[in-house]
Each structure stands twice: as structure tokens, then as C-alpha cells.
Amino acid sequence: MKNNLGTIQEPAKSIPIRTEVDVLVVGGGPSGITAAMAAAEDGLRVMLVESRSFVGGNMTIGLPILGFLGQKGNQIIKGLPQKLIDRLAARQAASEHRPCPLHMSLTLVEPESVKTVALEMLTESGVEVLFYTFCAGVVMNGDALNGIIVESKAGREAIMAKVIIDCSGDADVAYRSGVPCEYGNEQGGVQPPTLMFCLGGVDTEQLRLSVAKEPRTYLTDFIPAEYFGQNNQFVLVGMRNLVQKAQADGLTLTTERTILITGLRKGEVWVNMTRVNGVNGTDPESLTHGEIEGRKQIYDIQRYLIGYVPGFENAYFLKTAPFLGIRETRRINGLYTMTREDIMGCRHFDDAIAVASYPLDIHHPQGGGCTLEWCGDCYDIPYRSLVPQKIKNLLVAGRCISTTHEAMSAIRVMAPCMAMGEAAGRAAKQAVRKNIQPADVDVQELQQELLRKGAYLRINREATV
Ligand SMILES: Cc1cc2nc3c(=O)[nH]c(=O)nc-3n(C[C@H](O)[C@H](O)[C@H](O)COP(=O)(O)OP(=O)(O)OC[C@H]3O[C@@H](n4cnc5c(N)ncnc54)[C@H](O)[C@@H]3O)c2cc1C
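Since this is a predicted model, take the numbers as computed values, not measurements.

## Quick word on the overall build of the protein chain
Helix and strand content of the protein chain: twelve helices and 21 strands. If you line up the protein chain on its principal axes, its C-alpha atoms span 65 × 60 × 40 Å. Within the protein chain, residue pairs in contact and separated by at least 24 positions form 71% of the contacts whose partners lie at least 6 positions apart. A total of about 18,500 Å² of accessible surface is found on the protein chain, and carbon and sulfur atoms cover 48% of it.

Here it is as C-alpha cells:
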């Protein structure tokens, strides 16, 4: 509460039950899409509730998918996430997994196609998708959930489910049902959000060849200049000297670095350079401030790119992303909390359900800086980090699983989020079939199923085909 206006008593009332399902997935971002598809694979009744009018979450804001390849160059995310990429690639809407010295790999996707193709795959899997519906509460039964309460144009309704998978990114279901959650670092600071935007008319050939030929003028972070000589689709991070020059010339730029992502369409570049520190992604007033401030920053960033960066001379504004990109909010306390040491120690877990390799990548909650640290190989994501404390029939997948602030900065990228979603969906399916709780799922059986279905794990057990 930010004011002293007090509270009112909302009168208790009966609300209709919209439907009853076996598995309910809340949130249709990278983790929710694969969670729902996996849970529905052999006939369970699965519903996916999404507050927006499309699926994809942050896959629709102009970002490359990071995390398919590991630091040694091998592919570590396969299974359903790869199936989505294959389907997109068949429509020229995804690139191959391109190696990148900074990000390990990037997989470019066309945001509008993500919305269409992911929705097609969900409906083909038999998932009932419900758009324009926000999960606003929970229906508790002791330490279990009977369902959730949703708000929509139809008013307030309940959706009942045997197992719920929270893929909201913000742990909305977990938080509302009383799972203990953390927020940000020790001082409560979270990574800042970014309103992505897209420019057209960019000569990306001139951009990359300028960097390759004049590395001292166009200094890049971590990615050697030769890389740009050899790759025509890329993420460019750096040119700090140009940002400083533009700032000295009077432009307002809130980040220290230039971050550009080539689009799949010729001449398109997505810009990841707005930053609004201090936004709380779980508070509408703070989110609104983020949208207003992010939008305000675009004008000077555009002037900077056109005035200082080669290839942007004829660039023009195309569009902003459909919403402010939120990097970090709540994280659940689960049966195991992943730490920085797990990431940097390339830790193996007996209950591994996914393998990731993305570095620790913290956009500082204050200032415009960023810290990156690589472990040199891969680390496992344990099943226990998807199982929340306290509430029985709930699983969590995506960026809000049980990690520290630092570990979250590594596991948050979209390929591992999709792999977690697939594992959570398969675990939920097993829980419903056996009438057991997610915490009691036979993890070896889950791992076998993941391997059989094409996922990648570092365990030696052979998949029984
Ligand atoms: C600016 C920015 C840059 C990034 N850069 C990259 C990058 O380059 N590559 C990369 O791989 N990753 C990147 N990330 C990280 C990555 O995008 C996210 O961590 C990842 O998308 C998280 O996936 P998710 O499924 O957990 O959640 P999300 O992608 O956030 O999806 C959550 C979904 O749930 C829905 N939802 C939320 N609450 C409710 C509710 N109560 N009821 C119903 N629906 C709800 C939302 O509408 C959304 O569709 C970046 C993130 C940001 C913000």
C-alpha cells in the first residue's frame, strides 16, 4: 500500500466454475507453451490460461532465443523446444542455432510467427487455450490447490485442476497460494526492464563490416571483431565509447552499452537499450512508469544510432514490442534453491531435468552496467527447484523457479525455460496418471521419458525406447 486510504471489505459471493481440467498451465510464455504441450501429449485434459491475446511471452518482444548451445558448442536443449524451432524454421521464421562468443548461441525468431506457430502446436496437441484471462487468485484446500480464480470480460470465475503449473514468470499462483517467495537481490533490487523496439532500413552489412574493419573505432564487448566479418546475423554488444560520446553531446542514454539484434527480415534491427531502474513488475503503477519512461527513452536512442553507429543513416522507426520486458520479479522457495556455486561449479544433480550453460548475466539494478561470468561448460537444473515448498499440487517452470538472484540471471534465458516447461508438463502428467503429488514423482521415470522424447540430459542412464 502506497497510501493511507485503508481497505474495504469485498463481499463474499458465489462465482461460476468455468471448467475442470487435469492440468492447468498459467502463462503462455516459453515455459508455459512446452509445459502445456508435454502435459497434453497423451490425452489428459489440459488448459493454458494467458492474460494476453497471444502466446509466446518474451519470445514475442524481439529477442533472440539464447541457450540452445552450451559453452563447448554442443546442443544442450532439444526435445519440444527444438520442435518449435523446427516448425518456425520451416516457415523461414527461425534461424539455425548460431554460435556466439558472448551468448554461446543465438536463435533468431520472427515474433509474429512465434505467436501463430506456437498456438498451432498447442491446439494440435489438444490444449485448450484461454486468452484474455488473468489468474487473479487461488482456490485453496488446506495445503493443496483446488484451482484458480480468473478475471476476464466474463467476470470472476474459477477453473479447477488436479495439478497446476505456474509459468507466469512472476510466480503469481505460487505467491497467491502462500509459497514463500524471494524478490531481487539482498537489497531488494531487481534487474531493470527494457522496452524493446525495432528499426527498419538498417544497412546491417555496413554495420558488421565497419566493426570487422575498424575494431578500434567500433569496440565490442567479448565478441571479437572478426566474428562480425563472418556472420550476417548477430547480436552486437558494446560501442561504449560511442555511447559516451553521444552522452557528452547531450543525448540521454541510460545504458552503458549498445545492444543490437539483427532481425530475420532484411534491414530490421531490434534494439535492447532502454532501461528503467527500480520497476516492480508485480505492481501496475510501477509497470506503467516503466512503460512511460521506456517509451520516452526511445527517441534519443534512435538519434544516437542514426547519428553515431554505421549502417543506421537511413533507419526509421518500425514498432515497439507489445509490452515492457520484465527481467526479474519473484522467485519461489522450492525444495532446492539453485545458487551461483551450482552454476559456476558446472554442478550435476541426480534429479536433473534440463541442462543449461548460459552465463551469469546480471543487468545491475542500479546504473546502466552489467556483469557476466562464464563457467566453461554446462550445469544441470534439478527437478526439486521446480517443486515449491508448502503447496502440494503445484509446479513452477520458467524464470521464477527456486534460485538465488544470481543463479536466476543464468537460467532465465528462453531455451532453458522451455526445457523446464517440458519437464514440468511431463511431471504433471505422471502426477495425474498415478494420482500422486509432484514432489512424489518418480524422477528417474521422468528423466527416461524426457530422454525418450528427445530431450538432452547429462545422465548416463539409457533411455528405454
Ligand atoms: C529485456 C529482456 C531481454 C532479454 N533477453 C533475452 C535474450 O536475448 N534471449 C533469451 O533467451 N532470453 C532473454 N531474456 C529472458 C527471457 O526472455 C525470460 O526470462 C523468459 O522469457 C522467461 O520465460 P517464462 O516462460 O518464465 O515467462 P514469460 O516469457 O514472462 O511468459 C509469462 C507469460 O505468462 C503470462 N502471464 C503472466 N502472469 C499471468 C497471470 N496472472 N495470468 C495469466 N497469464 C499470465 C504473460 O502474459 C506471459 O505470456 C530477456 C528478458 C528481458 C525482459
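So that's the structure; there's more coming.
## Looking at the nonpolar core
For soluble globular proteins, nonpolar side chains are generally found buried alongside one another. Ranked by size, the top nonpolar core spans 154 residues in total, and within it Leu 24, Tyr 304, Leu 305, Phe 312 and Ile 381 carry the most contacts. Among the elements that take part in this core, helix α11 (residues 414-434) stands out by supplying twelve residues, more than any other. Residue contributions to this core reach at least three from each of two domains, namely domain 1 (17-189 + 328-357 + 378-452) and domain 2 (197-320). Look past the residues within four positions of Tyr 304 in its chain and what remains in contact with it is Met 239, Leu 242, Val 243, Ala 246, Leu 251, Leu 253, Thr 258, Met 273 and Val 309.

## Some points on the site of the ligand
Within the structure, the ligand sits among 34 residues, and Ser 31, Glu 50, Pro 64, Arg 412 and Met 414 are positioned closest to it. Within the backbone of Pro 30, one N or O atom sits 3.5 Å away from an oxygen atom of the ligand. Calculation on the ligand without its partners gives an accessible area of 1,000 Å², and the protein chains cover 95% of this total. Those elements giving two or more residues to the shell around the ligand turn out to be α1 (30-39), β3 (65-66), β7 (134-141) and α11.

## Some details on the packing of aromatic side chains
Evaluated as defined, the whole model comprises six aromatic pairs. Ring geometry for Phe 222 versus Trp 374: centroids 4.9 Å apart, planes at 65 degrees, classification edge-to-face. Placement of the pair is Phe 222 in the loop between α5 (204-213) and α6 (225-230) and Trp 374 in the loop between β19 (370-373) and β20 (379-382), with a sequence separation of 152 residues. Aromatic ring contacts, followed pair by pair, group Tyr 227, Phe 228 and Phe 234 into a single cluster. Here the basic side chain of Arg 52 rests over the ring of Phe 323, its NZ or CZ set 3.4 Å away from the ring centre. Positioned above the aromatic ring of Tyr 175 is the side chain of Arg 330, whose terminal nitrogen or guanidinium carbon lies 3.9 Å from the ring centre.

## Things to note about the packing of α11 against helix α12 (residues 443-452)
With their axes 10 Å apart at the nearest point, α11 and α12 run at an angle of 125 degrees to one another. Judged by the inter-axis angle, α11 sits oblique to α12. Considering only the axes of α11 and α12, their crossing is right-handed. Mapping the contact onto sequence places Glu 422, Ala 423, Arg 426, Ala 427, Lys 429, Gln 430 and Lys 434 in α11 and Glu 445, Leu 446, Glu 449 and Leu 450 in α12. Across the contact of α11 with α12, the residue classes tally to four nonpolar, one polar and six charged.

## Remarks on the packing of helix α2 (residues 79-89) against α11
Orientation of α2 relative to α11, taken along the N-to-C sense of each, is 120 degrees, at an axis distance of 7 Å. In terms of axis orientation, α2 runs oblique to α11. Seen from α2, the contacting residues are Gly 79, Leu 80, Pro 81 and Leu 84; seen from α11, they are Met 418, Ala 419, Glu 422 and Arg 426.

## Observations regarding the sheet that holds strand β15 (residues 316-320)
Across the sheet, which stays open at both edges, the five strands sit in the order β12-β13-β14-β11-β15 with antiparallel pairing between neighbours. The open sheet has two edge strands with one neighbour each: β12 (235-238) and β15. When strand polarity is set aside, the average angle formed by the axes of neighbouring strands in this sheet is 25 degrees.

## A few points about the side chain of Thr 262
Tracing the chain through its elements places Thr 262 in strand β13 (residues 258-262). Here the side chain of Thr 262 touches Phe 234 through a polar contact of 2.9 Å, landing on its backbone nitrogen. What Thr 262 contacts, discounting residues up to four positions off in sequence, is Leu 108, Thr 204, Asn 232, Gln 233, Phe 234, Glu 268 and Val 269.

## Things to note about the domain arrangement of the protein chain
Each assigned domain of the protein chain is listed with its residue range as follows: domain 1 (17-189 + 328-357 + 378-452) and domain 2 (197-320). On a C-alpha basis, the centroid separation for the pair domain 1 and domain 2 is 30 Å. With 23 residues of domain 1 at the contact, the number on the domain 2 side is 21 residues. Together, Arg 98, Leu 102 and Leu 108 form the three largest contributors to the area buried by domain 1 at its contact with domain 2, with a combined 29%. Inspection of the domain 1/domain 2 interface yields one salt bridge. Linking domain 1 with domain 2 are three residue pairs in polar contact (both at pLDDT 80 or more). Top contributing element to the side of domain 1 that touches domain 2 by residue count: strand β4 (residues 98-100), with three residues. A per-class count over the side of domain 1 that touches domain 2 returns 14 nonpolar, five polar and four charged.

## Some remarks on the environment of Gln 447
Here Gln 447 is to be found in helix α12. Residue class for Gln 447 comes out buried when judged on its relative accessible area of 1%. C-alpha of Gln 447 to C-alpha of His 103: the two residues are 344 residues apart in sequence and 27 Å apart in space. At 2.8 Å, the side chain of Gln 447 and the backbone oxygen of Asp 350 are in polar contact.

## Some details on the UniProt feature "binding site: FAD" (unreviewed entry) in the protein chain
According to UniProt, the feature "binding site: FAD" (unreviewed entry) maps to Ser 31 in the numbering used here. Along the polypeptide, Ser 31 turns up in helix α1. Classification of Ser 31 by relative accessible area gives buried; the value is 6%. Apart from residues no more than four positions distant in its own chain, Ser 31 is found in contact with Cys 167, Ala 397, Gly 398, Cys 417, Met 418 and Gly 421.

The rules behind these values
Residues numbered from 1 in each chain as written. Predicted model: local features only at pLDDT ≥ 70, side-chain atom pairs only at ≥ 80, totals over all residues. Heavy atoms only, no water. Helix = DSSP H or I, 4+ residues; strand = E, 2+ residues; numbered from the N terminus. Contact = heavy atoms within 4.5 Å. Areas by Shrake-Rupley, 256 points an atom, 1.4 Å probe, with all protein chains shown as cover. Core = buried A, V, L, I, M, F, W, Y, C linked by side-chain atoms within 4.5 Å. Buried < 20%, exposed > 50% of the residue type's maximum accessible area, 1.4 Å probe, protein only. Domains from an automatic or database assignment. Near = heavy atom within 4 Å. Polar contact = N/O pair within 3.5 Å; in protein donor to acceptor, adjacent residues only side chain to side chain. Phe/Tyr/Trp six-rings, centres within 6.5 Å; stacked < 30°, edge-to-face > 60°. Lys NZ or Arg CZ within 6 Å of the ring centre and 35° of its normal. Axes fitted to C-alpha atoms, helices over the stretch in contact; angles between N-to-C directions. Parallel < 35°, antiparallel > 145°, perpendicular 65-115°, else oblique. Left-handed = near helix turned anticlockwise from the far one by under 90°. Nonpolar A, V, L, I, M, F, W, Y, C, P; charged D, E, K, R; others polar. Pairing = 2+ DSSP bridges. Buried area = accessible area lost by both parts, 1.4 Å probe. Salt bridge = Lys/Arg side-chain N within 4 Å of Asp/Glu carboxyl O. UniProt positions renumbered as here; feature names shortened; annotations may be inferred.

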